[in-house]
Amino acid sequence: MSQASKQVDWCIKKAQEEIEECKKQGKKPKHRGLLKVKPSIEEAKRHIGKAEHDINVTEYLIKGGFRDASIGTIFYTMYQCFLAITSKFGYESGNQTCTIALIESLKEEGKIDLDEKFIRYFKYEDDEVKDSIIEMREDYTYGTDITPDKSKIEFFIKECRELIDRTREIIYKEK
C-alpha cells in the first residue's frame, strides 16, 4: 500500500470519527478528512465552473495590478479541479492534504490519467519540486511581498488552463 493510499485511509477514518463526535455532541456534522459519498458528475461540473470563475478572477486581479492576490486564485483554480475529480469518484473532502492524497492515490491506481506535475504543484519545494503553488500561496497570503514574478504567474495561468481541460476530460470521458 502506497503512502498516498495509507493517507487516504487515515483521512476517511478521521472524517468518520469527527462526524460521529459531532453526532454525539448534537452538533452539525463537520469533518476535516474524506467521506465516501455518492459519485456526482453534477457536483464535479460545479467545481469545474468554480475553477473557471477563479481563473477569470485571477486575470481580473492581474489587470488591476494585484499580482500578489492572484496567487490565491491560481491555487484555488487548481484545487477546484481536484475537488471536481474527488466528486466524480464519490468523495467529499474537508482537508486540502487529504484531497491531494486522494488525487495521488487515484493516479497510482490508474483511475485517472493526470500529469504528475499537477500533484507536485501542491507539494513543498525540495530537490524534486521546483514550482510549488502551495508555497507561493502561503508566501503571498501571509507574507508582505506584493510583487510575484510575472513569468511565474503566466506559467501558472497556462498550467491552470491545462488542468481545467484535463479535468473536463477526466470528468466526461474516463470511467
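Because the structure is a prediction, the values reported are computed rather than measured. (Residues numbered from 1 in each chain as written. Predicted model: local features only at pLDDT ≥ 70, side-chain atom pairs only at ≥ 80, totals over all residues. Heavy atoms only, no water.)

## Remarks on the overall build of the chain
Logical step 1: Of regular secondary structure, the chain possesses seven helices and two strands.
Logical step 2: Scanning the chain from its N terminus toward the C terminus, one meets helices and strands in the order α-β-α-α-β-α-α-α-α.
Logical step 3: Relative to a compact globule of 175 residues, whose C-alpha radius of gyration would be 16 Å, the chain shows 17 Å and is just as compact.
Logical step 4: Out of the 175 residues in the chain, the part that is buried amounts to 45%.
Logical step 5: In the chain, the proportion of contacts linking residues at least 24 apart, taken out of those at least 6 apart, comes to 63%.
Logical step 6: Averaging the positions of the 32 positive and the 34 negative side-chain charges in the chain gives two centres separated by 6 Å. (Helix = DSSP H or I, 4+ residues; strand = E, 2+ residues; numbered from the N terminus. Rg over C-alpha atoms; globule rule 2.2 N^0.38 Å. Buried < 20%, exposed > 50% of the residue type's maximum accessible area, 1.4 Å probe, protein only. Contact = heavy atoms within 4.5 Å. Lys, Arg positive; Asp, Glu negative; His and termini not counted. Charge placed at Lys NZ, Arg CZ, Asp CG, Glu CD.)

## Considerations on the pattern of salt bridges
Pairing of side chains with opposite charge becomes possible as their charged atoms draw close.
Logical step 1: Scanning the model with the defined rule gives 17 salt bridges in all.
Logical step 2: With its nearest N and O atoms 3.8 Å apart, the salt bridge here joins Glu-20 to Lys-23. Here Lys-23 and Glu-20 lie together in helix H1 (residues 3-25), a separation of three residues that amounts to about one turn.
Logical step 3: Between Lys-123 and Glu-104 there is a salt bridge, with its nearest N and O atoms 3.0 Å apart. (Salt bridge = Lys/Arg side-chain N within 4 Å of Asp/Glu carboxyl O.)

## Digging into the packing of helix H2 (residues 41-63) against helix H7 (residues 150-173)
Logical step 1: With their axes 11 Å apart at the nearest point, H2 and H7 run at an angle of 165 degrees to one another. One element, H2, and the other, H7, form an angle in the roughly antiparallel class. Every pair of crossing elements has a handedness; the one defined by H2 and H7 is left-handed. Of H7, the residues touching H2 (which contributes Ile-41, Ala-44, Lys-45, Ile-48, Ala-51, Glu-52, Ile-55, Thr-58, Glu-59 and Ile-62) are Ile-153, Ile-157, Cys-160, Arg-161, Ile-164, Thr-167, Arg-168, Ile-171 and Tyr-172.
Logical step 2: By residue class, the composition of the contact of H2 with H7 is 12 nonpolar, two polar and five charged. (Axes fitted to C-alpha atoms, helices over the stretch in contact; angles between N-to-C directions. Parallel < 35°, antiparallel > 145°, perpendicular 65-115°, else oblique. Left-handed = near helix turned anticlockwise from the far one by under 90°. Nonpolar A, V, L, I, M, F, W, Y, C, P; charged D, E, K, R; others polar.)

## Structural notes on the state of the cysteines
Logical step 1: One pass over the structure, following the stated rule, counts one disulfide.
Logical step 2: The side chain of Cys-11 participates in a disulfide bridge whose partner is Cys-98; the two sulfur atoms lie 2.0 Å from each other. Between Cys-11 and Cys-98 the disulfide shows an S-S torsion of about -85 degrees. By sign, it is left-handed. Of the two residues, Cys-11 sits in helix H1 while Cys-98 sits in helix H4 (residues 96-108), which places them 87 residues apart along the sequence.
Logical step 3: For Cys-11, a relative accessible area of 0% puts it in the buried group.
Logical step 4: Summary of cysteine pairing: Cys-22 is not part of a disulfide, and the nearest cysteine sulfur, belonging to Cys-98, is at 15 Å.
Logical step 5: A residue is classified by how much of its surface remains accessible, and Cys-22, at 12% relative accessible area, is buried.
Logical step 6: In this structure Cys-160 is not part of a disulfide, and its nearest cysteine sulfur, from Cys-81, lies 7.4 Å away. (Disulfide = S-S within 2.5 Å.)

## Re the confidence of the model for the chain
Logical step 1: Averaged over all residues, the pLDDT of the chain equals 92, while 96% of them reach at least 70.
Logical step 2: Averaged pLDDT values over the elements of the chain bottom out at 89 in helix H6 (residues 133-142) and peak at 97 in H2. (pLDDT = per-residue confidence, 0-100.)

## Notes on the packing of aromatic side chains
Logical step 1: Applying the stated rule across the entire model yields nine aromatic pairs.
Logical step 2: Ring plane angle 85 degrees and centroid distance 6.1 Å describe the contact between Tyr-121 and Phe-155, whose orientation is recorded as edge-to-face. Taken together, the residues Tyr-121 in the loop between helix H5 (116-120) and H6 and Phe-155 in helix H7 connect sequence positions 34 residues apart.
Logical step 3: Residue classification places Phe-155 among the partly exposed residues on the basis of a relative accessible area of 26%.
Logical step 4: Between Phe-155 and Phe-156 the ring centres are 5.1 Å apart and the planes differ by 70 degrees, which places this aromatic pair in the edge-to-face class.
Logical step 5: Take Phe-156: its relative accessible area is 0%, and that puts it in the buried class.
Logical step 6: Each member of the aromatic cluster is reached from another via a ring pair, and the members are Phe-75, Tyr-76, Tyr-79, Phe-82 and Phe-122.
Logical step 7: Above the ring of Tyr-91, the side-chain terminus of Lys-36 is found at 4.3 Å from the ring centroid.
Logical step 8: In this structure, Arg-137 packs its charged tip against the face of Phe-75, placed 4.4 Å from the ring centre. (Phe/Tyr/Trp six-rings, centres within 6.5 Å; stacked < 30°, edge-to-face > 60°. Lys NZ or Arg CZ within 6 Å of the ring centre and 35° of its normal.)

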